[in-house]
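A structural walkthrough
Okay, here's what each chain looks like letter by letter:
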Amino acid sequence: MGTVVIKFGGSSLSTTDKIKQAAKRIINIKKSGKNVVAVVSAMGKTTDQLLGLAGQITDNPAKREMDMLLATGEQVSISLLTMALTEMGEQAVSLTGWQAGIVTEKVHSNARIVDVKTDHLEEILQEGKIAVAAGFQGVTEDGEITTLGRGGSDTTAVALAAALGAERCSICTDVTGVFTSDPRYVPQARKLSSISYDEMLELANLGAGVLHPRAVEFAKNHNVSLEVRSSVEDEEGTVIEEEVSMEKNLIVRGVAFEDQITRMTVFGLSNEITGLPAIFSTLAANHIDVDIIIQSQIEGGKTNLSFSIKNKDRQEAVQVLEQEKDAIGFEHIECETGLAKVSIVGSGMVSNPGVAAKMFQVLADKNIQIKMVSTSEIKVSAVVDSDCMTEAAQSLHDAFELGVLQSAEK
Ligand code: ADP
Ligand code: ASP
Ligand code: MG
């Protein structure tokens, strides 16, 4: 019997009525002759509320305690959904992340899954029961509770699908699929029927919150058949798959954006060959992700180094670098906040040199100043003022005609 993993996000479980609706959907899949593993997020805005509670007590909570707190959100959902399934006459068992066999590295708040021990899950499925697993949480080899980062329930679902050899992993959410941009900000955005793993990975990494980046990475590495669809409507969603040759012509597939960016500048860094590695290994050792990096030479054998990080990491980044100031050898650090990153993504960009030029022209025409730029084979990103983020995204979406079906898709 084939296995299907189906994941419901927080907005699709925000009320007990929605939980009952999710239960009906799960039962329909079970009745079609499949084993079903449901993966669930915390109800509605629960995770934000838990973060708020911690914030009322401390500005600097231990990451271990935050994981302990946030992991409770998903436990509410697994038990209520299991009760709903039972009430509807199905046999179902709820499982925390650790009971579902999700083993992670020992990193709090953003742990990676290192192993999935499926024995217990498989027993439950063999007994003909529905398994309801908590997303977003795992356990280290030495028994510490961890979480996978915001939006991480998607990754739990894909990891379980990969480990169980599931025939499909469906991510059910409050949109009908992956769109050319976030439809909440870009009303002209259009649903894509399919998108390649690589393009989706870039979009997710660049802020398209519809999928957790590591879920896409996991799906690509383990060839999981992944789809994003509505949790309530029956219409076809978006399939994420290996690139099909026809679509390679598409220059820009989507526009992604992300707010809450900080530009950090380290002034007067010594030109010693050890300066750069010292900065970035200090940040990496503290699990701080650095994005765009710009180095500029100044007089007197020194350099200034700017890089972008997420606002949430700013305090810690300054703290750990200041601690190493003498060893690294720099003068001072300045941070510019109130920034956002807007990116265009498409696998056809690699053979179309004018794309970045067009992007910069579109932003210049709107009087939007670009503060930092980065490119890869399939994306161009620009850091702009947060106030301009939505206008920049909408203008790029229009300029690259993403609202209309592109010829390679027809
Ligand atoms: P869930 O609670 O189901 O995990 P999320 O809020 O994490 O839902 O993800 C769904 C949201 O992602 C949508 O409501 C939408 O606003 C946002 N989103 C961002 N980029 C995109 C995109 N390219 N396509 C579709 N939705 C997107
Ligand atoms: N509940 C967690 C969050 O809000 C995980 C998830 O929803 O995927 O980020
Ligand atoms: Mg999500």
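Heads up: the structure comes first, above all this text.
Described below are features of the structure shown in this document. Please read all numbers here as calculations on a predicted model, not as lab measurements. (Residues numbered from 1 in each chain as written. Chains lettered and ligands numbered in written order. Predicted model: local features only at pLDDT ≥ 70, side-chain atom pairs only at ≥ 80, totals over all residues. Heavy atoms only, no water.)

As for unusual backbone geometry
Filter applied, for reference: Secondary structure follows DSSP: runs of H or I at least 4 residues long count as helices, runs of E at least 2 residues long count as strands, and numbering of each begins at the N terminus.
Unlike most non-glycine residues, S109 shows phi in positive territory, near 80°. The topology assignment puts S109 in the loop between β4 (102-104) and β5 (113-116).

Considerations on the sheet that holds strand β16 (residues 332-345)
Quick note on the threshold: Here, strands pair whenever DSSP counts at least two bridges between them. In this description, a line fitted to the C-alpha atoms serves as the axis of each element, helices being fitted only across the stretch in contact, and the angle between N-to-C directions of two axes falls anywhere from 0 to 180 degrees. What makes two residues a contact is simply this: any of their non-hydrogen atoms within 4.5 Å.
A sheet is described by the order of its strands in space; here six strands give the open sequence β14-β15-β13-β16-β18-β17, paired in antiparallel fashion. Pairing within the sheet leaves two strands with one partner each, and these edge strands are β14 (293-298) and β17 (372-376). Neighbour-to-neighbour, the strand axes of the sheet open up by a mean angle of 30°, direction not taken into account. This element, helix α8 (residues 275-285), spans β13 (254-270), β14 and β15 (302-310) of the sheet and lies at about 20° to β15.

Side note on the site of ligand 2
Operational definition: Near is defined per residue: the residue qualifies when any heavy atom it owns lies within 4 Å of the molecule or strand. In protein, a polar contact means a hydrogen-donor-capable atom and an acceptor-capable atom, both N or O and within 3.5 Å, with residues adjacent in sequence counting only if both atoms are side-chain atoms; elsewhere, any N or O pair within 3.5 Å suffices. To be clear on the numbers: accessible area is Shrake-Rupley with a 1.4 Å probe, and residue cover counts the displayed protein chains and nothing else. We call Asp, Glu, Lys and Arg charged. Ala, Val, Leu, Ile, Met, Phe, Trp, Tyr, Cys and Pro are nonpolar, and the rest, Gly among them, are polar.
By nearness alone, every residue bordering ligand 2 is listed as S41, A42, T47, E74, F136, R150, G151, G152 and S153. With respect to ligand 2, the side chain of S41 contributes an N or O atom lying 3.1 Å from an oxygen atom. In this structure, T47 approaches ligand 2 through a side-chain N or O atom, which is 2.8 Å from a nitrogen atom. Burial of ligand 2 by the protein amounts to 86% of the accessible area it has alone, namely 270 Å². Grouping the amino acids of the shell around ligand 2 by side-chain chemistry returns two nonpolar, five polar and two charged.

Thoughts on helix α6 (residues 197-205)
Applied cut-off: The buried label applies to any residue whose accessible area, calculated with a 1.4 Å probe on protein chains only, is under 20% of its type's maximum; exposed applies above 50%, and partly exposed to all values in between.
Burial runs high along α6: seven of the nine residues are buried. Residues of α6 that are buried include every one of Y197, E199, M200, L201, E202, L203 and A204, and no others.

Thoughts on the packing of aromatic side chains
Using the following cut-off: When the centres of two rings from Phe, Tyr and Trp lie within 6.5 Å, Trp using its six-membered ring, the rings pair. Their planes under 30 degrees apart give stacked, over 60 give edge-to-face, and anything left gives tilted. Here, a charge over a ring is recorded when the distance from Lys NZ or Arg CZ to the ring centre is within 6 Å and its angle to the ring normal is within 35 degrees.
A full pass over the atoms with the stated rule returns two aromatic pairs. On the numbers, 5.6 Å between centres and 65° between planes, the contact of F280 with F307 is edge-to-face. Of this pair, F280 sits in helix α8 while F307 sits in strand β15, and the two are 27 residues apart along the sequence. Over the ring of F400 we find K358, and its NZ or CZ is 4.7 Å from the ring centre.

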